[in-house]
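Descriptive analysis of the structure
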Amino acid sequence: MEYQDFLATGKSEIEKRKDGPCVIVTPEKGENENAMAKAIFDMGMGDDLIISSGQEVPPRIGDHDEYPIYISLSPTKLQSFLKNLPASLRNRRDDFVFISGGLHYGNIEKVLKDNGYCRDTMTQFLATGFKAKPIIKDISTTLGNAENGEEKRAGECAVCGKWSGAVEARLERNAIRCKAVFYREWRRLMWERNAYDAVFNLVGAVREEPITLLDVALYYEKEVSDILWGISTHLRGMKAITLTYGFEERMFAIGESSGSDEICVLNDDMFPFIYEEFLMVPLLNEYLSYAQDERGLLGNSSFMRQAGSGNPLLIQGNLRADGAI
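Residues numbered from 1 in each chain as written. Predicted model: local features only at pLDDT ≥ 70, side-chain atom pairs only at ≥ 80, totals over all residues. Heavy atoms only, no water.

Considering the packing of helix H9 (residues 221–238) against helix H12 (residues 282–295)
For the record, the criterion: Helix axes are fitted only over the stretch in contact, all axes being lines through C-alpha atoms; the angle between N-to-C directions runs from 0 to 180 degrees. Runs of E in the DSSP output that reach at least two residues are strands. Runs of H or I that reach at least four are helices, and both are numbered from the N terminus. Note on angle classes: values under 35 degrees are labelled roughly parallel, values over 145 roughly antiparallel, values of 65 to 115 roughly perpendicular, and the remainder oblique. Note on contacts: a residue pair is in contact if any heavy atoms of the two residues lie within 4.5 Å. Side-chain classes follow a simple rule in which Ala, Val, Leu, Ile, Met, Phe, Trp, Tyr, Cys and Pro form the nonpolar group, Asp, Glu, Lys and Arg form the charged group, and the remainder, Gly included, forms the polar group.
For the pair H9 and H12, interaxial distance at closest approach is 7 Å and the crossing angle is 125°. When the axes of H9 and H12 are compared, the pair comes out oblique. Mapping the contact onto sequence places Glu223, Asp226, Ile227 and Ile231 in H9 and Leu283, Leu284 and Tyr287 in H12. Residues of the contact of H9 with H12, tallied by class, amount to five nonpolar, no polar and two charged.

Examining the pairing of strand S9 (residues 151–154)
Cut-off, in case you're wondering: Paired strands, as defined in this entry, are two strands with at least two bridges between them according to DSSP.
Where strand S8 (residues 141–145) and S9 come together, three bridges link them in antiparallel fashion. What sits directly across from Thr142, in S9, is Arg153. The hairpin formed by S8 and S9 contains five residues between the paired strands, and Gly149 there has a positive phi angle of roughly 90°.

Examining the sheet that holds strand S2 (residues 49–52)
An order of S2-S1-S3-S4-S5-S10-S11 is seen for the seven strands of this open sheet, with the pairing classed as mixed. Two strands in the sheet have a free side with no partner beyond their single neighbour: S2 and strand S11 (178–180). On average, each strand axis in the sheet is tilted by 20° relative to the strand beside it, whichever way the strands run. Those strands touched by helix H6 (residues 164–173) are strand S3 (69–71), strand S4 (96–100), strand S5 (123–126), strand S10 (157–160) and S11, and its axis lies near 160° from that of S11. Strand contacts of helix H7 (residues 183–205): S4, S5, S10 and S11, with the helix running at about 35° to S5, the strand carrying the most contacts.

Topic: helix H10 (residues 247–258)
Where we set the bar: Multiplying 1.5 Å by the helix residue count minus one yields the expected span of that helix. Relative accessibility decides the category of a residue: with a 1.4 Å probe and only protein chains considered, values under 20% of the type maximum give buried, values over 50% give exposed, and everything between is partly exposed.
Spanning twelve residues, H10 covers 17 Å between terminal C-alpha atoms, matching the ideal 16 Å at 1.5 Å per step. Within H10, the full set of buried residues consists of Phe247, Arg250, Met251, Phe252, Ala253, Ile254, Gly255 and Ser258. As for H10, its buried residues are in contact with strand S6 (130–131), S8, S9, H7, helix H8 (213–219) and H9.

Some details on the pattern of salt bridges
What counts is decided by this rule: Whenever a carboxyl oxygen of Asp or Glu lies within 4 Å of a side-chain nitrogen of Lys or Arg, that contact is scored as a salt bridge.
Using the criterion set out here, one finds 27 salt bridges in the structure. Residue Arg170 is joined to Asp48 by a salt bridge in which the shortest nitrogen-to-oxygen separation is 2.6 Å. Here Asp48 lies in the loop between helix H2 (31–42) and S2 and Arg170 lies in helix H6, a separation of 122 residues in the sequence. Comparing Arg170 with Asp48 shows no difference in burial state: the two are buried. Lys110 is paired through a salt bridge with Asp114; the nearest N and O atoms lie 3.0 Å apart. Taken together, the residues span about one helical turn, with Lys110 and Asp114 both in helix H5 (residues 109–114) at a distance of four residues. Classification of Asp114 by relative accessible area gives partly exposed; the value is 48%. Each of the salt bridges in this network shares a partner with another, and the network as a whole consists of Arg17, Glu66, Arg92, Asp95 and Lys162.

Here's the deal with the nonpolar core
For soluble globular proteins, nonpolar side chains are generally found buried alongside one another. Threshold: Take the buried Ala, Val, Leu, Ile, Met, Phe, Trp, Tyr and Cys residues and link them wherever side-chain atoms come within 4.5 Å; each set so joined is a nonpolar core.
Core analysis: the largest hydrophobic core is formed by 76 residues, its most contacted members being Phe81, Phe96, Phe98 and Leu284. No other element matches the 13 residues that H7 contributes to this core. Residues within four places of Phe96 in sequence aside, it is in contact with Ile69, Ile71, Phe81, Leu82, Leu85, Leu89, Tyr117, Met122 and Thr123. Counting residues in hydrophobic clusters, the runner-up holds 22 residues, among them Tyr70, Cys157, Val167 and Cys178.

Structure representation (structure tokens):
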């Protein structure tokens, strides 16, 4: 439901469904997806059902004939799953909860659009505000208080759609912050997270030595900011999405608070779901070209290069490669 539709109902607040038993769909093999599935199960009340992607779902779980179905599949597996739904899932599409965000789930908007699932009633869960292993832990961070006294935060989970209330309740019961929002706001948050995942990892991965997301936040602010503003302009023109005031502050806060043990990486399998939508951003395109040509990364990924793509002026620590501060 979008905001204008909500106003038309005459209700004072969004009707939120309660958390209850659910089905969690996992791949037969997939360490990261199964870690997320286990976390969702562990945050439940012990009556959930975990199945592999080819299995049927039951008509009822306990006394519930309607329940959320979490799709814990990476985007490389999601496309095939949606094309080959088991019979019992075909009439339950409105109950799907799609997981996105981070380097394991990425940006799945195009996959959902191509299969007719990207609509405002569909439940979509941005699951980047907590760690699923070794223990379930909230990793959002505070930015202090706004002028009205409300606490400002960065990196929270967010959810929209039919089952948003159930997802929010499950996480908050386990001390994981989560915002249930309208689809338009959720989409903006998702694209902001996509930009963070893309830029911080790219700027860090092209270094000669492995560095963490924390290192990027501390020492490569100018490079990151230059690319982020290019992405902001691109999203406004191509996707009608405006990253709201303070997006840089939020992203750097995430890197500083939770990036100390996250090594910057570029992954060929996830390239289409992290970088494909940003290839028209000139500076980001230059960095990707440099990653391939000079660092031998992304060897299995192909992309259209922008005119003039070559060796960007990388910053070595706080010093630019050309010697300028």
